[in-house]
Protein chains: 4
Amino acid sequence: MALTLMEGNEAIAWGAFAAGCRFFAGYPITPATTVYNAMLRRLPPAGGVCLQGEDEIASIGFCLGASMAGQKVMTATSGPGISLYSDQISFALGSEIPIVIVDDQRLGPSTGSATRGADGDIQFLQWGKSGGLPVIVLAPVDVRDCVILTMQAFNLAERFRCPVFVATNKEIAMTRETIDLETLDLPAVETRTLADPDAPFQPFAARSAAPVPAFLPIGGERLVRQTSSTHGPDGYITTDPELIAASQERLVQKIMASLDDFTYYESEETPGAQTLVITYGVTARAARDAVARLAAGACPASLLVLKTLWPVPDKLLQATAEGYARIVVIEMNLGQYVREIERILAPRDIVFYGQMNGDLIRPQKIQEVVAHG
Amino acid sequence: MALTLMEGNEAIAWGAFAAGCRFFAGYPITPATTVYNAMLRRLPPAGGVCLQGEDEIASIGFCLGASMAGQKVMTATSGPGISLYSDQISFALGSEIPIVIVDDQRLGPSTGSATRGADGDIQFLQWGKSGGLPVIVLAPVDVRDCVILTMQAFNLAERFRCPVFVATNKEIAMTRETIDLETLDLPAVETRTLADPDAPFQPFAARSAAPVPAFLPIGGERLVRQTSSTHGPDGYITTDPELIAASQERLVQKIMASLDDFTYYESEETPGAQTLVITYGVTARAARDAVARLAAGACPASLLVLKTLWPVPDKLLQATAEGYARIVVIEMNLGQYVREIERILAPRDIVFYGQMNGDLIRPQKIQEVVAHG
Amino acid sequence: MALTLMEGNEAIAWGAFAAGCRFFAGYPITPATTVYNAMLRRLPPAGGVCLQGEDEIASIGFCLGASMAGQKVMTATSGPGISLYSDQISFALGSEIPIVIVDDQRLGPSTGSATRGADGDIQFLQWGKSGGLPVIVLAPVDVRDCVILTMQAFNLAERFRCPVFVATNKEIAMTRETIDLETLDLPAVETRTLADPDAPFQPFAARSAAPVPAFLPIGGERLVRQTSSTHGPDGYITTDPELIAASQERLVQKIMASLDDFTYYESEETPGAQTLVITYGVTARAARDAVARLAAGACPASLLVLKTLWPVPDKLLQATAEGYARIVVIEMNLGQYVREIERILAPRDIVFYGQMNGDLIRPQKIQEVVAHG
Amino acid sequence: MALTLMEGNEAIAWGAFAAGCRFFAGYPITPATTVYNAMLRRLPPAGGVCLQGEDEIASIGFCLGASMAGQKVMTATSGPGISLYSDQISFALGSEIPIVIVDDQRLGPSTGSATRGADGDIQFLQWGKSGGLPVIVLAPVDVRDCVILTMQAFNLAERFRCPVFVATNKEIAMTRETIDLETLDLPAVETRTLADPDAPFQPFAARSAAPVPAFLPIGGERLVRQTSSTHGPDGYITTDPELIAASQERLVQKIMASLDDFTYYESEETPGAQTLVITYGVTARAARDAVARLAAGACPASLLVLKTLWPVPDKLLQATAEGYARIVVIEMNLGQYVREIERILAPRDIVFYGQMNGDLIRPQKIQEVVAHG
């Protein structure tokens, strides 16, 4: 056993590298800067590229260009930077450009408190761009998750050719924990399916068996057509309603149809529990403590920790909630993901507790909410 | 009676001017550019300012500065521009700077189809910034609404010191309709409450009877402290959890507590109807036709047209849905606002129809959905 | 007599306003910021516009647009800002857009010392853009010159439709002096010659008697064609060598042929002097003292203070230097304008003294140079 | 012998690579883009970096950062891009950061004619930044010079830690010529002198025997202090006049004192000639033809082709001009470098011919000027 002391941002960088990421671009912002630092130590010695753009807009632009050229790419920022990424997230989504985007959330709105954590971007990550099509958002609980989920994020970005977010928080990103990297059970690394360079090529044509087009890099022998405008399978701009509808349907289905394959979570079932606590992110750690303390008491509770937040894993939620009289949702914001749970689990009794003041939510507070909330 | 032929963008400009707006800044983008054009004809002759910034970021920055100096301000863009506004929307929200933002939605994602309408930004407008705090979004149905709701948008921005969106769509913004401006019943014009310039001033202190602070302009005799960081009543940056929590609670309550006062809608109750159709925006016009045609048939339906989209008017929805066996939600996107309706009205039978392909949804399609959907 | 205590920057603003300037845009930089401040106090109350762009590039862009629309416009910056103006100075020159640009020089290179004066941009102002065509540079000596030469700068910009620089220095710009504004002999205000809006219009056609085209504003009834590319009299882009050569010849001649009309200077002839001291800017004030002190001694000297630096007034230099055995050139840099004097007055005995260390050059130093040089 | 067909831009890239350049950043502009293309083919396979910034400002910024980290760096642009580089050229000069800047001149002013050559930036390159301190400008005549002078440019940038320009022109940059790369006599490659990393380090302290400080890269073990403000030997900002004066004197002397070592030129002495033709750049090729044709006629002329333009090689000019009754200066602009020649060689009879209309100057025109000019 070889323990390493590592903060979440370093673990994300470790996972990205293990997943084959060799291109990183970003612009410094607390608490995401140390992802950049960690990538800077890893990438150039391995022949990769790590660079800072003139601003966030340039930085994600570099990433998308490199991804179109075939690289596995990542960028990392916090809320104000996600704002500046918004336009190009939309481009990545519509033009099916794989990218992993780390959001080290901090207390907002606006510049807020740079050194305090929050989970304030949970709806932002899904909806923060025009058109409303689905993206994938994974939320690690600890340093181990930072490794594993970042690797999964790359796999999903490659598999579905879409933006995938790792939604973490200053409290995970910049806290060091021990981890035994050697004994981790790492996921197998996936790489986007390549098209036959010698066959006629349509950059946005779904393959017969799957809704994700095969990929060819820009800059190669074969011309690859890319546009940020609505386009048909051939990549040419179009305003044909049927082509547009088919393309958007495909953008939805390629992700939604496979949701079960990447519904990551942890659950703890407590015998006799009438209450199910649902949470995610760093708050899951307090929730584990709270549930353990409650187990022997008058109000035992079970726990569901979501690690896939978007698309909302409705089947998991319905199956897990089965039989509980009461659902308690805990979030480090003023009520964001609870809306999805209400939507899916209504009209059950759903209790929410949230805070977004820079403090972590303590186990005792969760115990109180379960007991009296 | 004096009929004027006017497109939605011109009506928005007319309403803004009538509401006292004398400052507009924006960056050209189809289909919002004619708002700019219309303001350019009105403002300078009236001593106002109308200008184009270097880009969207500069343009909204000008607006926020002018608003902090006491002006009523507006900007107008489309989805890609809202992306670039995101960071400063967050600033306006956290620092309580009144602004009206027009979103002439077009077909996304990304640059999409510049000349085709959609209602693809409906979740984006609420969630498109860090922190998740509430904003106000109004959705006009026609040119008359463009006048009236824009005036209401200014009133709400002034009353609550917050960003207010007018969420329209290329199909309203750039379609000319006749309107009799003289017979319109215009809302009374409101102006933000001023602080006593001779009393001690705390820029973010709620007044005893209301959660909205009184305003003093920057640049005057009295120093006014503004920061995009978390701050207390005195405007100084703080990381004190209690002050932050109190401030965020106030940002939520100042809007939520008054939601009934600005829940705008239209409803048509059809005797014997088992189905309630809910929609908004330009689609409401097709829905009216559909409901009229259905009235005498086997499947009569009632209609609720929402004009206040955010905060979600849950009381209105619950009250109006009372007694209907079936809810039909129609949207010009792939399913955005229906999520809110599911959240509030579940577990009723909720049927959704949406399309986002550049075509308007036709009355016949809505009839089909109501009858067979 | 009504004395006012005024710094150079305020005097420049006063002169600009008196010359009819009603549009100012700039970006803050020491020591030019107080020009902005002074314009901000004057322009809006008079119906004018004063604004800060997102950066220097946007700021001069606003000015050029306003000038094309018929306004008299000014911007003010220091060396680093002139760098960022360079591209658009070239546009103003080639597309004959009147603008007055104030350069409050500070100690360079680069950001150098923001609060120390220098005359380090004297060659930069003429050569700091592609193509090498002539511009006009005027250099005030004191607050009174700041008023008068700024007014002349506007007259010249209007008369020749070209960029005109007021090259001053932190030591004049930010030093307060008394001035009696009522007794000043102000130049008559000129305005660019307008074309007949009802006659066929060629935006870059020289009128029969003069090489400067008549002007029509953009945005009016008559279409006005503007391009930053090489163009013929009709304003269309061209690569025709004859049209290009004719256009460039005109850009040179419209200024050079009238140089005598705007060769501003002061001279003091000392009987018996063998030495002529030549200088400009704030250093002229020390030179006056030095010459006065030297008058009764063994080395009397005459003085020529240049106020028109570019185009180089060669006739004035030759005529004034006539008969002197020795020329002493004093500059607040390491030797810039002396190169022009060498070019014109060689092979006379030319002695140079310069310093660019943040200190003013003192009269005693000039005396030493004249006596022992 | 192995002939290669190569345009000037490719030759510049070849020379840069041979000189050890492994970092290139630029923004596309005709006619410089193919330098970028050529570097893109060479650098990444060799472990180097070639990237496009968001704009010219970002691009040269990348270069300066890389140079401070110890890389040999190059960028390439044309007149409008040099404008945008201006601010950072000043930084490179004052902070002694080696960089080679290629200016593929095109016809100005402003965007002018993108596909037509000119030598319109000859004064701009020396004076296009605040402060007026010297830079080095080399001007190739043909593809062979593009190789050799680019290598010399790197050597000089490293030797003197300063910006060095390669001033060429569309007509050389984008014209293919044969060259035998194997038989070229390449200059030995120089690299900046490193400081002892274990000794106390002052980043701007001249070494005893030389005015150029020894270098340590930023980002290493030893802290290296860099500022764009006036600074002393220790790199701390200062406003001390003595320190500033000493620093500026050193910036001048480190280059001027060694000018003889890098005064590159070609001369052809024709027996009996009374006229000396002086020119540079692509025009030298027409001048060679003209001089050859004139040799047997009534007006034989000698030729001096300058390849070091800045600092002006005054000793070379004086020595070469010795004995000629008449100097003919030919330039592909309206008279820029002739000013320097007048300054140095006045009061000789100096005849100038220039044109800047997109056409090359033909031998016959030079013959005419020599014979009748």
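As the structure is a computational prediction, the values presented were derived from the model and not from experiment. (Residues numbered from 1 in each chain as written. Chains lettered and ligands numbered in written order. Predicted model: local features only at pLDDT ≥ 70, side-chain atom pairs only at ≥ 80, totals over all residues. Heavy atoms only, no water.)

Caption draft 1: Region of the structure containing the sheet that holds strand β12 (residues 265-268) of chain A. Residues and elements named next belong to chain A. Pairing in this open sheet of 5 strands is mixed, and the strands run β12-β14-β13-β16-β17 from one edge to the other. Of all strands in the sheet, those bounded by a partner on one side alone are β12 and β17 (349-354). Put simply, the sheet's adjacent strands are angled 15° from each other on average, direction ignored. Inspection of the sheet shows strand β16 (residues 326-331) paired to β17 by 6 bridges, in the parallel sense. Bridging from a neighbouring strand, isoleucine 327 pairs with isoleucine 350 of β17. (Pairing = 2+ DSSP bridges. Helix = DSSP H or I, 4+ residues; strand = E, 2+ residues; numbered from the N terminus. Axes fitted to C-alpha atoms, helices over the stretch in contact; angles between N-to-C directions.)

Caption draft 2: Region of interest: the interface of chain D and chain A. Chain D puts 8 residues into the contact, and the matching count from chain A is 8 residues. Summed over both sides, the interface of chain D with chain A buries roughly 480 Å², with 55% coming from carbon and sulfur. Among the residues of chain D in contact with chain A, D:Leu51, D:Glu54 and D:Phe62 are the three that bury the most area, contributing 73% of the side total. At the boundary of chain D and chain A, one finds 0 salt bridges. Taken together, the connections running from chain D to chain A amount to 0 residue pairs in polar contact (both at pLDDT 80 or more). Elements with a contribution of two residues or more to the side of chain D that touches chain A: β3 (49-52) and α3 (56-68) of chain D. Its residues assigned to classes, the side of chain D that touches chain A comprises 4 nonpolar, 2 polar and 2 charged. (Contact = heavy atoms within 4.5 Å. Buried area = accessible area lost by both parts, 1.4 Å probe. Salt bridge = Lys/Arg side-chain N within 4 Å of Asp/Glu carboxyl O. Polar contact = N/O pair within 3.5 Å; in protein donor to acceptor, adjacent residues only side chain to side chain. Nonpolar A, V, L, I, M, F, W, Y, C, P; charged D, E, K, R; others polar.)

Caption draft 3: Structural detail: the packing of aromatic side chains. All names here are of chain C. In the structure shown here, the tally under the stated rule is 22 aromatic pairs over all chains. Ring geometry for phenylalanine 160 against phenylalanine 262: centres 5.6 Å apart, planes inclined by 55°, an arrangement best described as tilted. Highlighted residues: phenylalanine 160 in helix α6 (residues 143-160) and phenylalanine 262 in the loop between α8 (241-256) and β12 (265-268), separated in sequence by 102 residues. Geometrically, the ring pair formed by tryptophan 310 and tyrosine 337 is edge-to-face, given 6.0 Å between the ring centres and 85° between the ring planes. (Phe/Tyr/Trp six-rings, centres within 6.5 Å; stacked < 30°, edge-to-face > 60°.)

Caption draft 4: Geometry of the arrangement of the chains. In this structure chain A stays clear of chain C, and the shortest span between their C-alpha atoms is 15 Å. Taking C-alpha atoms as the reference, chain B and chain D come no closer than 15 Å and do not contact one another.

Caption draft 5: Molecular detail of the sheet that holds strand β13 (residues 275-280) of chain D. Residue and element names in this part refer to chain D. Strand order across the open sheet formed by 5 strands is β12-β14-β13-β16-β17, with mixed pairing between neighbours. Taken across any chain shown, the strands that pair with only one partner, and hence form the sheet edges, are β12 (265-268) and β17 (349-354). Taken pair by pair, the neighbouring strands of this sheet meet at an average axis angle of 15°, ignoring direction. In this fold helix α12 (residues 363-372) packs onto β13, β14 (301-306), β16 (326-331) and β17, with an angle of close to 155° to the strand it touches most, β16.

Caption draft 6: Summary view of the relation of the copies chain B and chain A. By a simple turn and slide, chain B fits onto chain A: the slide is 0.0 Å along the axis, the RMSD is 0.0 Å, and the turn is 180°. Given the turn and translation reported, the copies of this chain are related as if by a two-fold rotation axis. Closest approach to the rotation axis among the C-alpha atoms of chain B is made by B:Arg343, whose C-alpha sits 1.8 Å away. Interface overlap between copies is the fraction of interface residues in one copy that are interface residues in the other; for chain B against chain A it reaches 100%, indicating a shared surface. (Least-squares fit on C-alpha atoms with pLDDT ≥ 70 in both.)

Caption draft 7: Structural detail: the nonpolar core. Membership of the largest hydrophobic core comes to 222 residues, with the highest contact counts inside it found for B:Ile327 and D:Ile327. With residues up to four places along the chain from it excluded, the contact list for D:Ile327 reads D:Leu276, D:Ile278, D:Ala321, D:Ile341, D:Leu345, D:Arg348, D:Asp349, D:Ile350 and D:Val351. (Core = buried A, V, L, I, M, F, W, Y, C linked by side-chain atoms within 4.5 Å. Buried < 20%, exposed > 50% of the residue type's maximum accessible area, 1.4 Å probe, protein only.)

Caption draft 8: Fine view of the relation of the copies chain D and chain A. Rotating chain D by 180° about the axis while translating it 0.0 Å along that axis superimposes it on chain A, leaving an RMSD of 0.0 Å. Mapped onto chain A, 100% of the interface residues of chain D are again interface residues, and the two copies thus contact each other with one and the same surface.

Caption draft 9: Spatial organisation of the interface of chain B and chain A. If you look at the interface, chain B gives 53 residues, while chain A gives 53 residues. Carbon and sulfur atoms make up 55% of the area that chain B and chain A hide from each other, which totals about 4,500 Å². When residues of chain B are sorted by the area they lose upon contact with chain A, B:Trp127, B:Arg339 and B:Arg343 head the list and together hold 15% of the total. On inspection of chain B and its partner chain A, the count reaches 4 salt bridges. One can count 28 residue pairs in polar contact (both at pLDDT 80 or more) joining chain B with chain A. Put simply, the parts of the chain that give the side of chain B that touches chain A at least two residues each are α4 (79-94), β6 (113-117), α5 (122-127), α8 (241-256) and α11 (338-345) of chain B. Sort the elements by how many residues they give to the side of chain B that touches chain A and α4(B) lands first, with 10 residues.

Caption draft 10: Local environment of helix α4 (residues 79-94) of chain C. Residue and element names in this part refer to chain C. Taking 1.5 Å of rise per residue, 16 residues should cover 22 Å, and α4 covers 22 Å from first to last C-alpha, within 8% of that figure. At serine 86, α4 shows its largest kink, close to 50°. The buried fraction of α4 amounts to 15 of the 16 residues, a majority that puts the element mostly inside the structure. At the C-terminal side of α4, glutamate 96 shows a positive phi close to 55°. (Expected span 1.5 Å × (residues − 1). Bend = angle between axes of the 7 residues up to and from the residue.)

Caption draft 11: Quick peek at the environment of B:Arg348. Residues and elements named next belong to chain B. Take arginine 348: it is sitting in the loop between α11 and β17 (349-354). When its relative accessible area of 29% is taken as the criterion, arginine 348 is described as partly exposed. Along the backbone, arginine 348 and isoleucine 136 are 212 residues apart, and their C-alpha atoms lie at a distance of 27 Å. What arginine 348 contacts, discounting residues up to four positions off in sequence, is Ala321, Glu322, Gly323, Tyr324 and Ile327.

Caption draft 12: Highlighting the side chain of A:Glu340. Within the element layout of this structure, A:Glu340 appears in helix α11 (residues 338-345). A distance of 3.1 Å separates a polar atom in the side chain of A:Glu340 from a polar atom in the side chain of A:Gln123. Polar contacts involving the side chain of A:Glu340 include one to the side chain of B:Arg339, which spans 2.9 Å.

Caption draft 13: Highlighting α3(D). Residues and elements named next belong to chain D. Between its terminal C-alpha atoms α3 stretches 18 Å, which fits the 18 Å expected from 13 residues at 1.5 Å a residue. For α3, the buried fraction is high: 10 of the 13 residues fall into the buried class. All of the buried residues along α3 are Glu56, Ala58, Ser59, Ile60, Phe62, Cys63, Leu64, Ala66, Ser67 and Met68. Put simply, aspartate 55 is the residue that caps the front of α3, since its side-chain oxygen is 3.1 Å from the backbone nitrogen of isoleucine 57. Looking one or two residues beyond α3, the residue adopting positive phi is glycine 70, at roughly 110°.

Caption draft 14: Just unusual backbone geometry, in detail. For the peptide bond that leads from A:Gly108 to A:Pro109, omega is 5°, which places it in the cis range. In this model, D:Ala346 is joined to D:Pro347 through a cis peptide bond whose omega is 5°. Not every positive phi belongs to a glycine, and D:Glu96 is a case in point at roughly 55°. By the element assignment, D:Glu96 lies in the loop between α4 (79-94) and β5 (99-107). A relative accessible area of 2% places D:Glu96 in the buried class. Its identity as a non-glycine residue notwithstanding, D:Ser110 has a phi of 60°, on the positive side. By the element assignment, D:Ser110 lies in the loop between β5 and β6 (113-117). On the accessibility criterion, D:Ser110 (5% relative accessible area) is buried.

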